[in-house]
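Structural overview
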Amino acid sequence: MAEEANGPEPKDTGKRVYDLEERTARFGEAIIAFVKRIPHNVVTNPLIGQLVRAATSVGANYCEADDAVSKKDFRHMISICKKESRESKYWLRMIAAADESAKQEARVHWQEAKELHLIFAAIWRKK
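Residues numbered from 1 in each chain as written. Predicted model: local features only at pLDDT ≥ 70, side-chain atom pairs only at ≥ 80, totals over all residues. Heavy atoms only, no water.

Once that is clear, we can look at the overall build of the protein. For the protein, the count of helices and strands is five helices and zero strands. Counting helices and strands in the order they occur from the N terminus, the protein gives α-α-α-α-α. By the burial criterion, 35% of the 127 residues in the protein qualify as buried. Considering only intrachain contacts with a sequence separation of at least 6, the fraction spanning at least 24 residues in the protein is 75%. (Helix = DSSP H or I, 4+ residues; strand = E, 2+ residues; numbered from the N terminus. Buried < 20%, exposed > 50% of the residue type's maximum accessible area, 1.4 Å probe, protein only. Contact = heavy atoms within 4.5 Å.)

Our focus in this paragraph is helix α3 (residues 44–66). Spanning 23 residues, α3 covers 33 Å between terminal C-alpha atoms, matching the ideal 33 Å at 1.5 Å per step. Its axis deflected by about 30° at S57, α3 carries its strongest bend there. (Expected span 1.5 Å × (residues − 1). Bend = angle between axes of the 7 residues up to and from the residue.)

When a protein is soluble and globular, its nonpolar side chains tend to lie buried together. Judged by nonpolar contacts, the single largest core of 28 residues is most densely connected at F34, L51, I95 and F120. Residue assignment for this core shows that the elements contributing at least two residues are α2 (20–36), α3, α4 (71–98) and α5 (103–126). F120 has contacts with L20, T24, V58, Y62, I78, C81, K82 and S85, leaving out every residue within four places of it along the chain. (Core = buried A, V, L, I, M, F, W, Y, C linked by side-chain atoms within 4.5 Å.)

Within the fold, K83 resides in helix α4. Linking K83 and H117, residues 34 residues apart in sequence, is a C-alpha distance of 7.6 Å.

The next thing to look at is a positive patch on the surface. A grouping of K71, R125, K126 and K127 is seen on the molecular surface, where their side chains present a positively charged patch. In this structure, K127 sits in the segment after α5. (Patch = residues over 30% accessible without salt bridge, like charges linked within 9 Å, V, L, I, M, F, W, Y side chains within 5 Å. Areas by Shrake-Rupley, 256 points an atom, 1.4 Å probe, with all protein chains shown as cover. Salt bridge = Lys/Arg side-chain N within 4 Å of Asp/Glu carboxyl O. Lys, Arg positive; Asp, Glu negative; His and termini not counted. Charge placed at Lys NZ, Arg CZ, Asp CG, Glu CD.)

A word on the packing of α4 against α5. Where α4 meets α5, the axes come as close as 8 Å, and the angle between the chain directions of the two elements is 160°. Relative to α5, the element α4 lies roughly antiparallel. Remark: the crossing between α4 and α5 carries left-handed chirality. Across the interface between the two elements, F74, R75, I78, S79, C81, K82, S85, R86, S88, K89, L92 and A96 from α4 touch K103, A106, H109, W110, A113, K114, L116, H117, F120, A121, I123 and W124 from α5. Among the residues forming the contact of α4 with α5, the class breakdown is 13 nonpolar, five polar and six charged. (Axes fitted to C-alpha atoms, helices over the stretch in contact; angles between N-to-C directions. Parallel < 35°, antiparallel > 145°, perpendicular 65-115°, else oblique. Left-handed = near helix turned anticlockwise from the far one by under 90°. Nonpolar A, V, L, I, M, F, W, Y, C, P; charged D, E, K, R; others polar.)

Let us now look at the side chain of S88. Considering the arrangement of structural elements, one finds S88 in helix α4. Non-local contacts of S88, meaning those with residues more than four positions away in its chain, are made with F27, L51, A54, A55, V58 and A113.

Where α2 contacts α5, the two axes come as close as 11 Å, and the packing angle between them is 155°. As the angle between them shows, α2 and α5 are arranged roughly antiparallel. Here α2 runs over α5; the crossing is left-handed. For the pair formed by α2 and α5, the contact residues are L20, R23, T24, F27, A30, I31 and F34 on the first element and E105, A106, H109, E112, A113, E115, L116, I119, F120 and I123 on the second. Looking at the contact of α2 with α5, its residues break down into eleven nonpolar, two polar and four charged.

What follows is the structure, given as structure tokens:
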């Protein structure tokens, strides 16, 4: 019955499906949750603001790229995703330096930012 209402189920082709829109949104959400646990002070406040802007921008710009009206527009938006994910790595490094207790979790988020950067760099090269 469910198949009739929703159409046939997709066939399993053995290929992994990567939903970058979801992945980038989860990255932004994880960063927001992370920075809420960092003590706010004169040093960390500007770093937190920069990190939140860069990390949440990755997903926003990917959504823009996904709706691009031309190949040139798509490449431009993907290049911004690439830059913002790289910038996120930088701000995570600075936060780890500013708050020793955040270092371990910052490394986890840094790894995700690195992977996103590599993905967007590969997309940018192919298009």
